[in-house]
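Observations on chain architecture
One-letter residues, chain by chain:
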Amino acid sequence: MEPLHPRIRIVWVVRAVLVAAALAVAVAAAQRWLVDSLPSAAAVGVGLLLALVGVAHALLLFTNWGFELQDDALYLERGVVTFVETSVPFVRVQHVDTQFGPIERALGLSSVVVYTAGSRNADVRIPGLTPDRARSLQNTLRELAVESEAEDAV
Amino acid sequence: MNRLHPLSGAATALHRGVAGGSIPFFLVSMLDGVFDAVEVGWVFFLAPVGFVVGVAYGAAYYYRFGYELAADTFDIRSGVLSRRSREIPLRRIQNVDISQGIVQRLLGVAVVRIETAGGGETEAELAFVADDEATRLQREIRRLTAEQHAEAPDARSPETDASSAADRADSTGADPDPRPTLLFDLEGRELLLLSLSSVSLSGATLLPLVFVVAGDAVVDLLVSLAEPLGGPADLDDASAPQYGLFAVVSILYGALAAYLLGAAYTFATYYDFRLGSTGDDLVYERGLLQRYSGSIPVDKIQTFSIAENPIQRAIEYAGLRIETAGHGPDGSAGSQSAVPLARRRRVEGFLERATGLETPSFTRPPTLARRRYVARYSLLAAAVVAAAFGVSRVWTIPYWYASALAFAGAPIAAHLRWRNLGYAVADDHLLVRAGFWRRRTHAIPYYRVQTVSTRRSIFQRRLGLGSVVVDTASSRTFARGTPTIHDLEVTDARAIHEETRARLEAARRSRGAEGRELSVTFS
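Residues numbered from 1 in each chain as written. Chains lettered and ligands numbered in written order. Predicted model: local features only at pLDDT ≥ 70, side-chain atom pairs only at ≥ 80, totals over all residues. Heavy atoms only, no water.

As recorded in an unreviewed UniProt entry, chain B goes by the name Membrane-flanked domain protein, listed as coming from Natronococcus jeotgali DSM 18795.

In the nomenclature of an unreviewed UniProt entry, chain A corresponds to YdbS-like PH domain-containing protein from the organism Natronococcus jeotgali DSM 18795.

Here it is as structure tokens:
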């Protein structure tokens, strides 16, 4: 099972802290204009609690994430609250993208997105790969998908 | 390049003309309030100009719209200012549907829709063509696709090979369109049972309309209906209990009206339903006022599903639906009724002939799963009681604590949910069954599986359970949720996950080998 690059933790932690901060600001605003009776520490408390939960979630998510190229399928494991194991048979791969957002790019990371013709989880995203690994994974998946030639997917 | 029916030219021109005429109308009346320079009087000049421009555009659209059925593609060129030219490969076509409203039937025209996989909308829509041209197109597409299949047999599914070895001879032989072999004909009794037993909400959407059109008359009628039962004689002057009784009686009559409208809607939809097969396609037609007819290539079928509600289960009837990756008629994404309603045994027999699938015995999830549902529905009951308590703080409700009876319902609901769950791992299909109000049994061929997932929530992990989610390309599942085997022992869930994968791989290999072998013979 191949883990993600450890730097992805920074992306997730930063994201969690930003969300917590935004909600803390919302609580502070509500306290200022709507509910006077709320203690002034509420915003700080909510912010800290959410940040703590978010950071814990991010760290656990990293330890739980893993993917593997098996004989006939791409296999992924992920999730904290709901743990999901997914197999994407190579024959079902429609196309493969590499993508990266601004934070990911700043940290030198990128994602591989695998598309199938399925209706749900039709795109499977593997985040937190180095650009080289992402490119090699994309190439491997493409070759494997061509090799197993879907003569008529839908 | 063929043109659409001349009537559609007139219809488009009129439609665009009205649109073109009304735009200046709105624009001028809006701008009139903002700018002094704009005067209302301009409308009398601008609206006719807009109408003429609209008519001209509509006419141009009609003359610039062309379609053609080539040997292996269906081509459409359209657009007045920006041209669009589409070529749809025939082997990518999922289904071809024809629909005809009442007016269209009187005028002898029809709408043809050609569906491909992917995207949320119809790939090509021809509105309108003459009705014999519509049937010609449907038949020709079928014939040309069958010819292509005969040339490239590797693109066929094993089941069609089995079922249509005989058909292939005549689909490629001298007779281009053999009369469809009738597979199923909805009898009057079945149609009535279907209308009465399926609770369709489609009719209920008409109720608000009735209120808008004849609100006062409806209220008067409801008052006179409730009065003999102790309702108020006059709405302006009544006591609280009278109002309460009036409300209850009105809701009951409303529900009855919605039910009857729904039944009428179902009746009109499935009136004179017939399913047949010709060559490698299934063809169906149905409808009382609006006629639908469609053809579905057998090798585009993703899954079959049997649907039944409690009433239908009690009288041992069921319906069978076909799911494709296309977009279906009247918004029912990619799902067509193959057998609207028939005796359960007959439906199972039909499914068996279509897929070679003998009705297997279903395995239920462990009773541990039922415990989860008791907890889940108890939480729901607690929410009901909490809501009743909250409301009782604001308004006085007598006996609000009676809502605690909801807790008694939790174990019953849990048991019913558990009882209707099931799965079976058959030779070529995975069968997944779930639902009490509308129980669906999906038969998923392994070679149609797109991805397989095992999901375990924190609650499931505590009990050592897991769910298997099997995704296919059938677009029906967008709205209905992907077929899921709920709450198995984790080891069983993983075993099914692996099994499904292995069988998909095996099916792929055998189909691939077969295809290569045959293509060698053919080339």
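On to the overall build of chain B, then. Summing up its helical and strand segments, chain B has 16 helices and 19 strands in all. When burial is assessed residue by residue, chain B has 46% of its 523 residues classed as buried. Put simply, 58% of the contacts in chain B that link residues at least 6 apart link residues at least 24 apart. Element-wise, carbon and sulfur atoms account for 62% of the exposed surface of chain B, whose accessible area totals about 26,300 Å². (Helix = DSSP H or I, 4+ residues; strand = E, 2+ residues; numbered from the N terminus. Buried < 20%, exposed > 50% of the residue type's maximum accessible area, 1.4 Å probe, protein only. Contact = heavy atoms within 4.5 Å. Areas by Shrake-Rupley, 256 points an atom, 1.4 Å probe, with all protein chains shown as cover.)

Moving on, we get to the side chain of B:T441. Residues and elements named next belong to chain B. In this structure, T441 sits in strand β16 (residues 439-445). The exposure class of T441 is buried, given its relative accessible area of 5%. A distance of 3.2 Å separates a polar atom in the side chain of T441 from a polar atom in the side chain of R433. Beyond its immediate chain neighbours, meaning those up to four positions away, T441 contacts F304, S305, I306, E308, F362, L431, V432 and R433. (Polar contact = N/O pair within 3.5 Å; in protein donor to acceptor, adjacent residues only side chain to side chain.)

Residues and elements named next belong to chain B. Those residues carrying the UniProt feature "transmembrane region" (unreviewed entry) are residues 43-63, 191-214, 243-268, 373-391 and 397-416 in this numbering. Split by type, residues 373-391 is 100% helix and 0% strand. Its first and last C-alpha atoms lie 27 Å apart. Between the first and last C-alpha atoms of residues 397-416 the distance is 31 Å; the span itself is 55% helix and 0% strand. (UniProt positions renumbered as here; feature names shortened; annotations may be inferred.)

Below, the discussion takes up the layout of surface pockets. Residue and element names in this part refer to chain B. Within this model, the second largest pocket holds a volume of roughly 630 Å³. Contributing elements (two or more residues each) for the lining of the second largest pocket: β4 (93-100), α4 (131-151), β7 (181-185), β8 (274-278), β9 (281-286) and β10 (291-297). The dominant element in the lining of the second largest pocket, judged by the number of residues it contributes, is α4, at six residues. Its residues assigned to classes, the lining of the second largest pocket comprises nine nonpolar, eight polar and eight charged. (1 Å grid on protein atoms, 1.4 Å probe; cavity = no way out; pocket = protein on both sides within 12 Å on 5 of 7 lines; lining within 4 Å. Points joined across faces, edges and corners; volume = space filled by probe spheres on them. Nonpolar A, V, L, I, M, F, W, Y, C, P; charged D, E, K, R; others polar.)

All names here are of chain A. Close contact between helix α1 (residues 8-33) and helix α2 (residues 41-64) brings their axes to 8 Å; oriented N to C, the two are set at 160 degrees. Put simply, α1 runs roughly antiparallel to α2. In the packing of α1 onto α2, the handedness of the crossing is right-handed. Across the interface between the two elements, I8, R9, W12, V13, A16, V17, A20, L23, A24, V27 and A28 from α1 touch A42, A43, V46, G47, L50, A51, G54, V55, A58, L59, L61 and F62 from α2. (Axes fitted to C-alpha atoms, helices over the stretch in contact; angles between N-to-C directions. Parallel < 35°, antiparallel > 145°, perpendicular 65-115°, else oblique. Left-handed = near helix turned anticlockwise from the far one by under 90°.)

What follows is about the sheet that holds β16(B). All names here are of chain B. With antiparallel pairing, six strands are arranged side by side in an open sheet as β13-β12-β11-β16-β15-β14. Strands at the two margins of the open sheet, each flanked by one partner only, are β13 (335-343) and β14 (422-425). When the angles between neighbouring strand axes are averaged without regard to direction, this sheet yields 15 degrees. Relative to strand β15 (residues 429-434), β14 runs antiparallel, the two being bridged by four bridges. In the sheet register, G422 faces β15, and the bridge partner there is R433. Those strands touched by helix α7 (residues 188-197) are β12 (317-324) and β13, and its axis lies near 110 degrees from that of β13. Most of the contacts of helix α11 (residues 344-355) go to β13, to which it runs at about 135 degrees, and overall it touches β11 (301-308), β12, β13, β15 and β16. (Pairing = 2+ DSSP bridges.)

Here we come to empty space enclosed by the protein. All names here are of chain B. Taken as a whole and assessed by the stated rule, the structure comprises five cavities of 30 Å³ or more. For the largest cavity, the lining is made up of 16 residues, of which I93, I141, T145, D281 and P297 are closest to its centre. At the level of elements, β4, α4 and β10 are the ones that each hand at least two residues to the lining of the largest cavity. Space inside the second largest cavity adds up to approximately 110 Å³. Among the secondary structure elements, those contributing two or more residues to the lining of the second largest cavity are α11, β15 and β16.

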